[in-house]
Amino acid sequence: MRCRPGTDRYRIGHFYASCMEEEAIEKAGTEPLEGWLAQIAEVAGPRSAMRMAGKLHEIRAGALFRFGVVPDFKDPDTNIAFFAQGGLGLPDRDYYVSDDPEKRELLAAYEDHVAHMLGLSGAEAETSAKLAADVVAFESALAKASRPSAEMRIPEKLYHKIDREGLKELTPKLPWDVFFAVAGHPDITSINVATPEFFEALEETVTAADPDTLRAYLRWTLIHETAGMLPEAFVRADFDLFAKKLSGQQEIQPRWKRCAAVGS
């Protein structure tokens, strides 16, 4: 049965077929990211970094923090913007702040991984190592400002409802109007900031970071979030660290399963 162009069934089938085109993916390399990488290369400070973060959030790449639209905890019939700590490449803050030798070893492996992935995307070896160290330092600052996982499971401690002006008062140096406009939610007014202290620290971290660090972090975020759709070298490196080393998965799933699971 043929699907009509423009229908959801057609789009899903077209995406799956494209995902399975391994030869075309290998030939394209990082070309599909070039437009994004060019925009990231123009980041020069907090304003352009927040604009780029908004664009990344629009494609579900969580740069700097977690953001979404969810039901209000205390009024489930009303949707509200939800902001929470995030922006880390590793799955938990403890990987960055713990003195446990195993976690310190994993953090070092993560930094090597970031350097390798940046190198695959075009950075020179010496440059990628320096940029990876900057990315890990930047993420470590965010991790230190983040609450432990156990505290993030207490709903009543995650409810701090404010309006748009309240968000600007909390972090006056971050251009939220720019973020909302490019993230696809220009009219949001009702907001829950789950972890206010994190956003105060985020403001300090972003405004203190040099442009090279901001660009490296955003570049890494893009590559990390899209690795599964890139050539095999990216897929394999991503699997070796995040699935094999961190989760213990020994074999990568067949491509058809990975394509079917995208977005699930």
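Peer 1: Just to check I follow, could you spell out the overall build of the protein chain for this structure?
Peer 2: Counting its regular elements, the protein chain contains 13 helices and 4 strands. For the protein chain, whose C-alpha radius of gyration is 19 Å, the value lies close to the compact-globule estimate of 18 Å for 264 residues. The buried share among the 264 residues of the protein chain stands at 44%. Long-range pairs, those at least 24 residues apart, make up 69% of the contacts in the protein chain with a sequence separation of at least 6. Here the protein chain has roughly 14,100 Å² of accessible surface; of this, 51% comes from carbon and sulfur atoms.

Peer 1: I keep staring at the pattern of salt bridges and nothing clicks. Help me out?
Peer 2: When the charged atoms of two side chains lie near each other, side chains of opposite charge can form a pair. This model, assessed by the stated rule, comprises 9 salt bridges. For aspartate 72, the salt bridge is made with lysine 161, and the minimal N-O distance between the two is 3.0 Å. With aspartate 72 in strand E1 (residues 66-72) and lysine 161 in strand E3 (residues 161-163), this pair connects stretches of sequence that are 89 residues apart. On the basis of relative accessible area, aspartate 72 is assigned to the buried category, the value being 3%. Of the charged contacts, one joins arginine 147 and glutamate 197 as a salt bridge, the two residues approaching to 2.6 Å between their closest N and O atoms.

Peer 1: How do you make sense of helix H10 (residues 196-208) when you look at a structure like this?
Peer 2: In an α-helix there are 3.6 residues to a turn, and that puts residues three or four apart on one side. Between its terminal C-alpha atoms H10 stretches 19 Å, which fits the 18 Å expected from 13 residues at 1.5 Å a residue. Every buried residue of H10 is listed here: Pro196, Phe198, Phe199, Leu202, Glu203, Thr205 and Val206.

Peer 1: What should I look at first to understand the nonpolar core in this one?
Peer 2: Side chains of nonpolar character tend, in soluble globular proteins, to be buried together. Membership of the largest hydrophobic core comes to 63 residues, with the highest contact counts inside it found for Leu64, Phe65, Phe83, Tyr110 and Trp176. Looking at this core element by element, the count peaks at 8 residues for helix H6 (residues 101-120). Tryptophan 176 has contacts with Met50, Phe65, Phe83, Leu167, Lys168, Thr171 and Phe199, leaving out every residue within four places of it along the chain. Among the nonpolar cores identified, the runner-up in size contains 5 residues, and Phe82, Ala84, Met152 and Ala194 belong to it.

Rules of the game
Residues numbered from 1 in each chain as written. Predicted model: local features only at pLDDT ≥ 70, side-chain atom pairs only at ≥ 80, totals over all residues. Heavy atoms only, no water. Helix = DSSP H or I, 4+ residues; strand = E, 2+ residues; numbered from the N terminus. Rg over C-alpha atoms; globule rule 2.2 N^0.38 Å. Buried < 20%, exposed > 50% of the residue type's maximum accessible area, 1.4 Å probe, protein only. Contact = heavy atoms within 4.5 Å. Areas by Shrake-Rupley, 256 points an atom, 1.4 Å probe, with all protein chains shown as cover. Salt bridge = Lys/Arg side-chain N within 4 Å of Asp/Glu carboxyl O. Expected span 1.5 Å × (residues − 1). Core = buried A, V, L, I, M, F, W, Y, C linked by side-chain atoms within 4.5 Å.

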